[in-house]
Amino acid sequence: MDGTRVEMIAIPAGQVSLSDRRTRRSWSVELAPYELAAFPVSQALYASVTGERPSAATGEALPVESVSWWDAVRFCNALSQREGLAPAYALHSNGEDIGWDASADGYRLPTEAEWEHACRAGTTGPRYGPLDEIAWYRDTSDAQVHAVGGKRPNPWGLYDMLGNVWDWCWDVYDAEVYGAYRVLRGGGWFDEHWSCRASARRRSHPTFQVDDVGFRVARSRGASVSPPTGDRPRTGP
């Protein structure tokens, strides 16, 4: 694996059922085909694109962490520009507003529905395999982050979908209650087993930088994606 390049996996179209534990609402989302990175963004890749090394732990093959949602968005645009693709995001001058061009071919964050669909990879249980075999979490991590790709991938070839670092997603968690907070998915190296499930979700302010939070990138394929809005609770367990 070249740590400064992105390996993308083609994810098929499908439907994912989502729910919100707090409101007890549920709904289904139809997904067009898209691509998702096989690995979380590594420190080597992040540094090659941005020239920055923000992580609390140090290692080229470690996932980048201590990056905010805004850092992840800016990285997506910078990676797109490096590869001659149209940036997906329009960042406005006030530094707080953002637009998503769903027709752009550049890199972006996955939606929460895309993340869960890809994580499940056609499986129906809470995890796509025995947790010790697929995830760095509290019982296996020795209280530290690990190099990307060190555990068994899911059936679609995606590594570290559970454990190691949480992934930022595009979606607002619940605008009515939590304002601008964005969704995190997947669980991290210090989490108990119950946080490392395909349906588990966490929230964080888009400016926060935490040492168990990273991200992976997505790209649209063919049909445009409809960006979710923040007018209702997003997905839940």
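Residues numbered from 1 in each chain as written. Predicted model: local features only at pLDDT ≥ 70, side-chain atom pairs only at ≥ 80, totals over all residues. Heavy atoms only, no water.

S.K.: Help me out: how do you make sense of the overall build of the protein in this one?
M.R.: Scanning the protein from terminus to terminus reveals five helices and twelve strands. A compact globule built from 237 residues should have a C-alpha radius of gyration of about 18 Å, and the protein, at 16 Å, falls within 12% of that. With the C-alpha coordinates aligned to their principal axes, the bounding extent of the protein is approximately 45 × 40 × 30 Å. Considering only intrachain contacts with a sequence separation of at least 6, the fraction spanning at least 24 residues in the protein is 66%. Of the roughly 9,900 Å² of accessible surface on the protein, a fraction of 47% belongs to carbon and sulfur atoms. Side chains of the protein carry 25 positive and 31 negative charges; the gap between the two charge centres is 5 Å. (Helix = DSSP H or I, 4+ residues; strand = E, 2+ residues; numbered from the N terminus. Rg over C-alpha atoms; globule rule 2.2 N^0.38 Å. Contact = heavy atoms within 4.5 Å. Areas by Shrake-Rupley, 256 points an atom, 1.4 Å probe, with all protein chains shown as cover. Lys, Arg positive; Asp, Glu negative; His and termini not counted. Charge placed at Lys NZ, Arg CZ, Asp CG, Glu CD.)

S.K.: Help me out: how do you make sense of the state of the cysteines in this one?
M.R.: A covalent bond between the sulfur atoms of two cysteines is referred to as a disulfide. Scanning the entire structure with this criterion turns up zero disulfides. As a non-bridged cysteine, C119 has C196 as the owner of its nearest cysteine sulfur, 9.9 Å distant. We classify C196 as buried; its relative accessible area is 0%. (Disulfide = S-S within 2.5 Å. Buried < 20%, exposed > 50% of the residue type's maximum accessible area, 1.4 Å probe, protein only.)

S.K.: Would you explain the side chain of H146 in this entry?
M.R.: Relative to the helices and strands, H146 is located in the loop between α4 (131–134) and β8 (166–172). In terms of polar contacts, H146 uses its side chain to reach the backbone carbonyl oxygen of S141, at 2.8 Å. (Polar contact = N/O pair within 3.5 Å; in protein donor to acceptor, adjacent residues only side chain to side chain.)

S.K.: Would you explain the sheet that holds strand β7 (residues 107–108) in this entry?
M.R.: As a general point, the strands of a sheet are linked pairwise by backbone hydrogen bonds and lie either parallel or antiparallel. Read across the sheet, four strands follow the order β1-β4-β12-β7 without closing on themselves; strand pairing throughout is antiparallel. Of all the strands in the sheet, the pair left with one neighbour each is β1 (8–11) and β7. As judged from the three bridges shared by strand β4 (residues 34–37) and strand β12 (residues 218–220), these two strands associate in the antiparallel manner. Residue pairing across strands places Y34 opposite S220, the latter belonging to β12. Across the sheet, helix α3 (residues 112–120) touches β1, β4 and β7, and the angle it forms with β4 is around 75°. (Pairing = 2+ DSSP bridges. Axes fitted to C-alpha atoms, helices over the stretch in contact; angles between N-to-C directions.)

S.K.: Even after reading the chapter, I still don't get the packing of aromatic side chains, so can you show me in this structure?
M.R.: Describing an aromatic ring pair means giving the distance of the ring centres and the angle of the ring planes. The full count for this structure, using the stated rule, is 13 aromatic pairs. Between Y46 and F75 the ring centres are 5.3 Å apart and the planes differ by 10°, which places this aromatic pair in the stacked class. Highlighted residues: Y46 in helix α1 (residues 43–50) and F75 in helix α2 (residues 69–82), separated in sequence by 29 residues. A single burial state applies to Y46 and to F75, both of which are buried. A network of ring pairs unites the aromatic residues W69, W70, Y89, W100 and W170 as a single cluster. (Phe/Tyr/Trp six-rings, centres within 6.5 Å; stacked < 30°, edge-to-face > 60°.)

S.K.: Hey, could you run me through the packing of α1 against α2 in this one?
M.R.: Packed helices, taken two at a time, are described by the angle between their axes plus the distance between the axes. With their axes 9 Å apart at the nearest point, α1 and α2 run at an angle of 70° to one another. In terms of their interaxial angle, α1 and α2 are classed as roughly perpendicular. You can see that α1 and α2 cross each other, and the crossing is left-handed. Along its contact with α1, which presents L45, Y46, S48, V49 and T50, the element α2 presents D71, F75, A78, L79 and R82. (Parallel < 35°, antiparallel > 145°, perpendicular 65-115°, else oblique. Left-handed = near helix turned anticlockwise from the far one by under 90°.)

S.K.: Sorry if this is basic, but what is going on with the sheet that holds β8 here?
M.R.: Strands sit in the order β10-β9-β8-β11 across an open sheet of four strands; the sheet is mixed. The sheet is open, and its two borders are formed by β10 (201–204) and β11 (213–214), each paired with just one other strand.

S.K.: Can you help me understand the nonpolar core in this one?
M.R.: General note: in soluble globular proteins, nonpolar side chains tend to be found buried as a group. Judged by nonpolar contacts, the single largest core of 30 residues is most densely connected at F75, Y89, L109 and F215. Of all the secondary-structure elements, those providing two or more residues to this core are α1, α2, β6 (98–100) and β8. At seven residues, α2 tops the list of elements feeding residues into this core. Each residue touching F75, except ones within four places of it in the same chain, is listed here: V41, L45, Y46, V49, T50, F215 and V217. Residues V16, W27, C119 and C196 belong to the second largest nonpolar core, which totals 29 residues. (Core = buried A, V, L, I, M, F, W, Y, C linked by side-chain atoms within 4.5 Å.)

S.K.: Just checking my understanding: could you explain the environment of T207 for this structure?
M.R.: Its place among the elements puts T207 in the loop between β10 and β11. Residues T207 and R182, spaced 25 residues apart in sequence, show a C-alpha to C-alpha distance of 9.8 Å. Each residue touching T207, except ones within four places of it in the same chain, is listed here: S68 and W70. Here the side chain of T207 touches H205 through a polar contact of 2.8 Å, side chain to side chain.

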